Amino acid sequence: MSGFVGVVVSDPSLQGQFTQVELRSLKAKFVSLKRESGHVTTKNLRALMKKLRGLNEVVSEEEVAAFLSESYPDSDQEIEFESFLREYLNLQARVSAKEGSAAGTGGGAGHGKNSSSFLKSTITTLLHNLNQAEKSSYVAHINTYLREDPFLKKYLPIDPSGNQLFDLIRDGVLLCKLINVAVPGTIDERAINKKRVLNPWERNENHTLCLNSAKAIGCTVVNIGTQDLVEGRPHLVLGLISQIIKIQLLADLNLKKTPQLVELFDDSKDIDEVLSLSPEKMLLKWMNHHLKKAGYKKTVNNFSSDVKDGEAYAYLLKALAPETSPETTVETKDPDERAKMVLEQAEKLDCKRYLTPKDITEGSANLNLAFVAQIFQHRNGLTSDIKQVTLTQTATRDDVLVSREERAFRMWINSLGVETYVNNVFEDVRNGWVLLEVLDKVSPGSVNWKLASKPPIKMPFRKLENCNQVIKIGKELKFSLVNLAGNDIVQGNKKLIVALLWQLMRFNILQLLNRLRSHSQGSQGKQITDADILNWANNKVKASGRTSRIESFKDKSLSNGVFFLELLSAVQPRVVNWKVVTKGEADDEKKLNATYIISVARKLGCSVFLLPEDIIEVNQKMILTLTASIMYWSLQRTPLSQSDMSEPSEPSSMASDAASDIGSEDGASTAAPSECEEVNSLSDGMSNLTTDDATSNAPPAENGNDEAGS
């Protein structure tokens, strides 16, 4: 591959929004303006932005100026290149929303098989038009679920009418706590800085932890940075809160959590369909299941226009709670009156929190979805007979590993900022389109889009064409694809799909590391290998004065977590609070350390998707990606020297072990022996390895960590 290093952006998730051609063009324009004017401000930037693609002849220079003034009231404030990129994306989003407003914002379920209208929409789609009803609903949710929190209770309840929410967001604690409400255990609270008054670096660490953890639970946070949260930008804050809350509300809409959902499908042939449905579409299918039983003649396809008259709600509550649903609700002709009656009945089920009658009649998609999800949580109306769902209760260890792999790949792909939101990797990649999107992100320009077919794809041979192009590009990137053909992807061969996705992820990791290396050294040199990553980690720990050392990425000593904590402390001494670290001897101590490692890595700026079990069980592929993520963060701050990756002076088989480790296990693979090293079980999606540039300013000597509950 070419050794050319293009424009490097410190935030890979931001870089992923542009091709290198676009970045070079934008960088050239930005540098030219800076050279002419001495520095770039909102005053001289407006003319440039008006001429950019997607904005030219669409917005006026005055409109650009007004937009920039919302984020930069001082027109003489200097703007850096990455801030320019973010404002460009935000302005594009505003223009797109304005152009699409005539089509309405509803119809969330009708955007194609693999889309999820609430999760896929990036933060900026909320733009600057704040919805007071949504804000009030989210505040009510926060007040309900966090009112007893030991740290936050003195600040709650929040008044929804003012700016208290955005002020409280600024230190990062509330968002971290909210993520843990949505997906318990995501963030180790020992890693949260929780002093009454935080300094700028501690606030930034909290927000970095928040954003990386939000990505790890499935939020789309492509166009938001820590500074946006520090400043409490309302449209971005509400967009993030909206996603976190909905992930919580939709958490039970899957077979694992609610096996009774199999009742919605006619026979076992539909199990794959069950597994591939997004939570939003599963909720719609559940709703229509009960509406049909109640005699409702229409099909609800979205949570906006299809529920505006309240009739569907009247029938749904009649089916689920006939004791509280009089016939008059169905018979009422006035939509406003019916909406009022529906909420009165829902209140008896404790399901009114998220919306008002006006929100129903105006078709507020987000709030109506939340309302239906709450009804599902309180009374799903499904039978307790789960005789058909034994598959969810007899999972083997391999099934568990595959499930973890699927989760990691899914979070990694979604974090890349691809257009398609992935709900189930093994189902959603079968048409080849998502894989082409991923390839275009990790190897820009590699996809021939003229030969690709975009979903929905009805003709099977079009899916095969997409998948064949995926295989072709993989071979060009020197992937090991023995026994893997396009048809294997179409048929959903999990083992071979894992082989391909692992190589994609590993390619992304090494590519980013090599890019940093050549950028800092100004020469190509040999490419970074797995052994180099291993040697770097050992040398880094040794240089810090500690004695821990690992022989390979499957070294069983990694199970206690101590090595990773020493490595994290070596690259940033202030980030680890050793007072809360255990010896890692008993199983519960290992779990505590592993949970803390993941949160500390995310707090530092590493975008990782592994679970504590992956560290405890020493899953070597996930161990590699975690180590590489820490290395990537470190190299952005300290140029790499040859000694950093040289082998230790004492005899060791470390390097050869590292090179062969990634694939020496998982003999159950269906791949040929020669590709075993690629078909192993990965998991950790260290995708774009996001770090926020603000973290680089943290003073190394200051210890801002607090013990839990401090």
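Just so it is clear, the model here is predicted, and its values are computed rather than measured.

Caption draft 1: The overall build of the protein chain, seen in detail. Secondary structure summary: the protein chain contains 33 helices and 0 strands in total. Looking at the protein chain as a whole, 57% of its 710 residues are labelled buried. If you take every contact in the protein chain between residues at least 6 apart in sequence, the share linking residues at least 24 apart comes to 69%. A total accessible area of about 28,900 Å² is found for the protein chain, and carbon and sulfur atoms account for 50% of it.

Caption draft 2: Examining helix 7 (residues 132-146) more closely. Under the 1.5 Å per step criterion, the end-to-end length of helix 7 is 21 Å for 15 residues, consistent within 8% with the ideal 21 Å. Among the residues of helix 7, Glu134, Lys135, Ser137, Tyr138, Val139, His141, Ile142, Asn143 and Leu146 are the ones counted as buried. Close packing links the buried residues of helix 7 with helix 8 (164-169), helix 9 (173-182), helix 12 (234-249) and helix 19 (365-378). Between the side-chain oxygen at the start of helix 7 and the backbone nitrogen of alanine 133 there is a gap of 2.9 Å, and the oxygen is on asparagine 131.

Caption draft 3: Examining the confidence of the model for the protein chain more closely. On average, residues of the protein chain score 80 in pLDDT, and 78% of them reach the 70 mark or higher. The least confident element of the protein chain, judged by mean pLDDT, is helix 33 (residues 676-679) at 32; the most confident is helix 9 at 97. A low-confidence stretch, residues 1-5 (pLDDT under 50), is modelled with 7 contacts involving residues beyond four sequence positions or located in other chains. The model gives residues 100-128 a pLDDT under 50, and that stretch makes 78 contacts with residues more than four places away or in other chains.

Caption draft 4: Quick look at unusual backbone geometry. Cis geometry is adopted by the peptide bond preceding proline 157, which originates at leucine 156 and carries an omega value of 0°. Tracing the backbone shows proline 157 in the loop between helix 7 and helix 8. A cis amide bond, omega 0°, links proline 455 with the succeeding residue proline 456. Along the chain, proline 456 turns up in the loop between helix 22 (433-442) and helix 23 (460-476). Although it is not a glycine, lysine 478 sits at a positive phi angle of roughly 70°. By the secondary structure assignment, lysine 478 is in the loop between helix 23 and helix 24 (486-490).

Caption draft 5: Spatial organisation of the nonpolar core. Residues Leu240, Ile241, Leu283, Trp286, Met287 and Leu513 are the most contacted members of the largest nonpolar core, which totals 173 residues. With 14 residues, the single largest contributor to this core is helix 25 (residues 494-521). Discounting chain neighbours no more than four positions away, the residues touching leucine 283 are Leu250, Leu253, Phe303, Leu369, Val372, Ala373 and Phe376. Listed in part, the 27 residues of the second largest apolar core include Leu14, Val64, Phe84 and Leu89.

Caption draft 6: Molecular detail of the packing of helix 12 against helix 19. At a minimum axis distance of 9 Å, the contact between helix 12 and helix 19 shows a crossing angle of 25°. Here helix 12 is positioned roughly parallel relative to helix 19, judged by the angle of their axes. Where helix 12 crosses over helix 19, the handedness of that crossing is left-handed. Where helix 12 abuts helix 19, its residues Ser242, Lys246, Gln248 and Leu249 lie against Asn366, Leu369, Ala370, Ala373 and Gln377.

Caption draft 7: Spatial organisation of the packing of aromatic side chains. A full pass over the atoms with the stated rule returns 10 aromatic pairs. Centroid distance phenylalanine 151 to tyrosine 155: 6.0 Å. Interplanar angle 55°. Geometry classified as tilted. The buried category is assigned to phenylalanine 151, whose relative accessible area is 10%. Here the aromatic cluster, defined as three or more aromatic residues joined through ring pairs, consists of Phe30, Phe81 and Phe84.

Caption draft 8: Region of interest: the pattern of salt bridges. This structure, assessed with the given rule, holds 25 salt bridges. Where aspartate 188 meets arginine 190, a salt bridge forms, and the shortest distance between an N and an O atom there is 2.5 Å. Just as aspartate 188 is buried, arginine 190 falls in that class too.

Caption draft 9: Highlighting helix 23. Here helix 23 is 17 residues long and its end C-alpha atoms lie 25 Å apart, about the 24 Å a rise of 1.5 Å per residue gives. Here helix 23 has its buried residues at Asn466, Cys467, Gln469, Val470, Ile471, Ile473 and Gly474. Backbone geometry just downstream of helix 23 places lysine 478 in the positive-phi region, at approximately 70°.

Caption draft 10: How the structure looks around the environment of arginine 517. Structurally, the position occupied by arginine 517 is in helix 25. The exposure class of arginine 517 is buried, given its relative accessible area of 4%. A C-alpha to C-alpha distance of 7.8 Å links arginine 517 and leucine 635, two positions 118 residues apart in sequence.

Caption draft 11: Representation of a negative patch on the surface in the model. On the surface, Asp334, Asp336, Glu337 and Glu344 cluster together to form a negatively charged patch. Residue class for glutamate 344 comes out partly exposed when judged on its relative accessible area of 43%.

Caption draft 12: Layout of the environment of proline 444. Relative to the helices and strands, proline 444 resides in the loop between helix 22 and helix 23. Take proline 444: its relative accessible area is 42%, and that puts it in the partly exposed class. Note: C-alpha distance between proline 444 and phenylalanine 18 (426 residues apart in sequence) is 9.2 Å.

Caption draft 13: Layout of the environment of threonine 41. Residue placement: threonine 41 occurs in the loop between helix 2 (20-37) and helix 3 (42-50). Residues threonine 41 and serine 75 lie 34 residues apart in sequence; the distance between their C-alpha atoms is 6.4 Å. Discounting residues that sit within four places of it in the chain, threonine 41 has contacts with Ser75, Asp76, Gln77, Glu78 and Ile79.

Caption draft 14: Region of the structure containing the packing of helix 14 (residues 279-293) against helix 19. Contact geometry of helix 14 with helix 19 gives a least axis separation of 11 Å together with a crossing angle of 65°. For the element pair helix 14 and helix 19, the recorded crossing hand is left-handed. Contacts from Glu280, Leu283, Trp286 and Met287 in helix 14 reach Leu369, Val372, Ala373, Ile375 and Phe376 in helix 19.

Reading the values: rules and limits
Residues numbered from 1 in each chain as written. Predicted model: local features only at pLDDT ≥ 70, side-chain atom pairs only at ≥ 80, totals over all residues. Heavy atoms only, no water. Helix = DSSP H or I, 4+ residues; strand = E, 2+ residues; numbered from the N terminus. Buried < 20%, exposed > 50% of the residue type's maximum accessible area, 1.4 Å probe, protein only. Contact = heavy atoms within 4.5 Å. Areas by Shrake-Rupley, 256 points an atom, 1.4 Å probe, with all protein chains shown as cover. Expected span 1.5 Å × (residues − 1). Polar contact = N/O pair within 3.5 Å; in protein donor to acceptor, adjacent residues only side chain to side chain. pLDDT = per-residue confidence, 0-100. Core = buried A, V, L, I, M, F, W, Y, C linked by side-chain atoms within 4.5 Å. Axes fitted to C-alpha atoms, helices over the stretch in contact; angles between N-to-C directions. Parallel < 35°, antiparallel > 145°, perpendicular 65-115°, else oblique. Left-handed = near helix turned anticlockwise from the far one by under 90°. Phe/Tyr/Trp six-rings, centres within 6.5 Å; stacked < 30°, edge-to-face > 60°. Salt bridge = Lys/Arg side-chain N within 4 Å of Asp/Glu carboxyl O. Patch = residues over 30% accessible without salt bridge, like charges linked within 9 Å, V, L, I, M, F, W, Y side chains within 5 Å. Lys, Arg positive; Asp, Glu negative; His and termini not counted. Charge placed at Lys NZ, Arg CZ, Asp CG, Glu CD.

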